[in-house]
Amino acid sequence: MAKQVDIEKDENVRESVRKAYSEIAKTDGSCCGASASSCGSYSPTDLSRGIGYSQEDLSILPDGANMGLSCGNPTALAGLKPGEFVLDLGSGGGFDVFIAAQKVGKDGFVIGTDMTPEMITKARNSIKKFTEKTGLSNVEFRLGEIEHLPIEDETMDVVISNCVINLSPDKPQVWREIARVLKPGGRVCVSDLALLEPLPEKVKESAAALVGCISGAVLVNAYPIVAIDLNDTKLEWARNFGATHTVNASHTTPDSVLMELSHGQGFDAAVDTTGITDVFQTAYNMTSKTGKTVMAGVLHHEKPITIDAFPLHFGRQIIGSHGGDTQPDVDIPRYIRLYQLGKLKLDEQITHRYGLDDINKAIDVVQKGEAGKCLISMS
Ligand SMILES: C[S@@+](CC[C@H](N)C(=O)[O-])C[C@H]1O[C@@H](n2cnc3c(N)ncnc32)[C@H](O)[C@@H]1O
């Protein structure tokens, strides 16, 4: 019964998406479908140039193929080579299909699939113009849902998709289909919208937000990120640094709060930075059945912990991480980039500054828990 309800719900989602894109196909909408005006006064060409398409790519397009519905440039990221077979999921007016077809050339082939008949008709009507412009006849458009692709097993070198998978009510099924149609060693390149925070319930339920590729988008940032400490000032720093929730363990036993925050499932990752075995045990208890518990703190004293061994079969991990296991050559450039983008708020963490001669004072304030980060000036 529950399965039947899910199928009907999925079908309703697809139907409202299909209806909206059918209207867009008839009227040449833009901006991920929400409405033709939702991207202000930008033309589809402006939008495409803004997300990295070259003028050369755009020049081969038949009129109307670029409807301003994209949110990235999968054909560039995919590094398409002459002779490759490419499948575009949710091909709309054929935008990426035509660009990919130019890249794979006469020995390659590109198939676009879309579930909206009006989009397929629009794209098919552009094929003749594309052939006249380029001399190529290496594209085809097939009507079908990306959850049930009208494509043979193991026939594609590359699957691309541009702002479509977030619209699917059954994303795991889309990925299963991608795996089915790819040749062994094939590759996938998807541009899509993703959320950094959960949407408010009202927006989540809004059909316009779904068609506009917002409410169906997957969450890529971690949420919630819970910091636990005994010191309110440190919790304030943690919040500045990105914690979405904080718990002062001197006021409350964190277990029940943590279980509530993780909806009773436990967390994907729990890190103990204290080196206190009882705290590590709490971290272990608060980790989900398939999650990872990390010991990053320097162990103060050894005491056994109790673990349930059964989940280890299913990927449950317990690891030690000395100093966070930084890979300087990879991580430092990444931290610099994040800092320059204003996403890593390091300045706010520096609470004390000392000259090299006063390094002992710096260690002292850290040990007393009075400092966030101390900056030692070497000059
Ligand atoms: C935002 S538009 C993107 C069109 C095209 N990829 C582009 O960049 O111009 C989304 C397209 O995906 C199609 N679509 C949405 N959900 C789909 C599904 N479950 N199966 C097949 N096509 C779908 C819509 O009909 C629409 O043409």
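Remember, it's a predicted structure, so these values are computed and weren't measured experimentally.

Conventions adopted
Residues numbered from 1 in each chain as written. Predicted model: local features only at pLDDT ≥ 70, side-chain atom pairs only at ≥ 80, totals over all residues. Helix = DSSP H or I, 4+ residues; strand = E, 2+ residues; numbered from the N terminus. Buried ≥ 20, exposed ≤ 12 C-beta atoms within 10 Å, placed from the backbone. Contact = placed C-beta atoms within 7 Å. Near = placed C-beta within 6 Å. Pairing = 2+ DSSP bridges. Axes fitted to C-alpha atoms, helices over the stretch in contact; angles between N-to-C directions. Core = buried A, V, L, I, M, F, W, Y, C linked by C-beta atoms within 7 Å. Right-handed = clockwise from strand over helix to strand, strands pointing away. pLDDT = per-residue confidence, 0-100. Arc of directions from axis to C-beta.

Q: Can you walk me through the overall build of the protein chain in this structure?
A: Each helix and strand counted, the protein chain has 14 helices and 14 strands in total. Principal-axis analysis of the C-alpha atoms places the extent of the protein chain at approximately 75 × 60 × 40 Å. Counting only residues that meet the buried cut, the protein chain has 32% of its 379 residues in that class. For the protein chain, the share of sequence-separated contacts (at least 6 apart) that also reach a separation of at least 24 residues comes to 61%.

Q: Whenever I open this one, the site of the ligand confuses me. Can you help?
A: Close contacts around the ligand come from 26 residues, with Ser-70, Gly-90, Gly-92, Met-115 and Thr-116 the closest. Of all the secondary structure elements, the ones that give two or more residues to the shell around the ligand are α1 (2–27) and α5 (95–104).

Q: Explain the sheet that holds strand β12 (residues 317–320) to me, please; I cannot follow it from the model alone.
A: What the 3 strands build is an open sheet, ordered β10-β11-β12; its pairing is parallel. Either end of the sheet is taken by a strand with one partner, and the two such strands are β10 (267–272) and β12. Along the sheet, successive strands turn relative to each other by an average axial angle of 15°, direction set aside. Both β10 and strand β11 (residues 287–295) contribute to a ladder of 5 bridges, which runs parallel. Bridge pairing links Ala-269 to Lys-292 in β11.

Q: Just checking my understanding: could you explain the nonpolar core for this structure?
A: Where a protein is soluble and globular, its nonpolar side chains tend to be buried together. By size, the foremost hydrophobic cluster in this structure holds 51 residues, and its most contacted members are Val-86, Phe-98, Ala-100, Val-110, Met-156 and Val-159. At 7 residues, α5 tops the list of elements feeding residues into this core. Leaving out residues up to four positions away in the same chain, Val-86 has contacts with Leu-80, Ala-100, Val-104, Gly-108, Val-110, Met-156, Asp-157, Val-158 and Ile-160. Phe-267, Phe-280, Tyr-284 and Val-294 belong to the second-largest nonpolar core, a separate cluster that totals 9 residues.

Q: Help me understand the sheet that holds strand β4 (residues 156–162) in this model?
A: Working definition: the strands of a sheet are paired by backbone hydrogen bonds and lie parallel or antiparallel to each other. On the basis of which strands lie adjacent, the open sheet formed by 5 strands has the order β3-β2-β1-β4-β5 and parallel pairing. The sheet terminates laterally at β3 (139–143) and β5 (182–191), the two strands that pair on one side only. Taking the axes of each pair of neighbouring strands and ignoring which way they run, one obtains an average angle of 20° across the sheet. This element, helix α6 (residues 117–134), spans β2 (109–114) and β3 of the sheet and lies at about 165° to β3. Strands in contact with helix α7 (residues 171–181) are β1 (85–89), β4 and β5; relative to β5, the strand with the most contacts, it is inclined by about 140°.

Q: Where do I start with the environment of Pro-150 in this structure?
A: On the secondary structure map, Pro-150 appears in the loop between β3 and β4. For Pro-150, a count of 11 C-beta atoms within 10 Å gives the class exposed. Once the C-alpha coordinates of Pro-150 and Asp-114 are considered, the two residues, 36 residues apart in sequence, prove to be 10.0 Å apart. Sequence-distant contacts of Pro-150, that is, excluding residues within four places in its chain, are made with Thr-113, Arg-142 and Gly-144.

Q: In this structure, what is going on with the pairing of strand β9 (residues 245–248)? I would like to understand it.
A: A regular strand carries its side chains on alternate faces of the sheet. Note that strand β8 (residues 226–229) and β9 share 4 bridges and pair parallel. Among the inter-strand pairings, Ile-228 is bridged to a residue of β9, identified as Val-247. What joins β8 to β9 is helix α10 (residues 232–241), and the crossover it makes is right-handed.

Q: Any chance you could explain the confidence of the model for the protein chain here in plain terms?
A: Predicted coordinates in regions of low pLDDT should not be interpreted in detail. Chain-level statistics for the protein chain give a pLDDT mean of 87 and a share of 91% at 70 or above. A low-confidence stretch, residues 33–39 stays under pLDDT 50, and its non-local contacts, those more than four residues away or across chains, total 20 contacts.

Q: Explanation requested: α7 in the structure shown.
A: Turn by turn, an α-helix covers 3.6 residues, leaving residues three or four places apart pointing in a common direction. Residues Val-174, Glu-177, Ile-178 and Val-181 constitute the buried set of α7. The buried residues of α7 occupy an angular sector of 105° when the element is viewed end-on, so they sit on one face. In this structure, α7 carries Pro-172 and Arg-176 as exposed residues pointing more than 90 degrees from its buried face. The inward-facing, buried residues of α7 contact β1, β4 and β5.

Q: Explanation requested: the pairing of strand β14 (residues 373–377) in the structure shown.
A: As defined by bridge partners, strand β13 (residues 350–355) adjoins β14 across 5 bridges and the pair is classed as parallel. Note on β14: the bridge partner recorded for Gly-355 is Ser-377. In the classification by handedness, the crossover that spans β13, the intervening helix α14 (residues 359–367) and the parallel β14 is right-handed.

Q: Honestly, the environment of Leu-230 in this entry has me stumped. Any pointers?
A: Along the chain, Leu-230 falls in the loop between β8 and α10. C-alpha separation for the pair Leu-230 and Gly-369, spaced 139 residues apart in sequence, amounts to 9.9 Å. Discounting chain neighbours no more than four positions away, the residues touching Leu-230 are Asn-248, Ala-249 and Ser-250.

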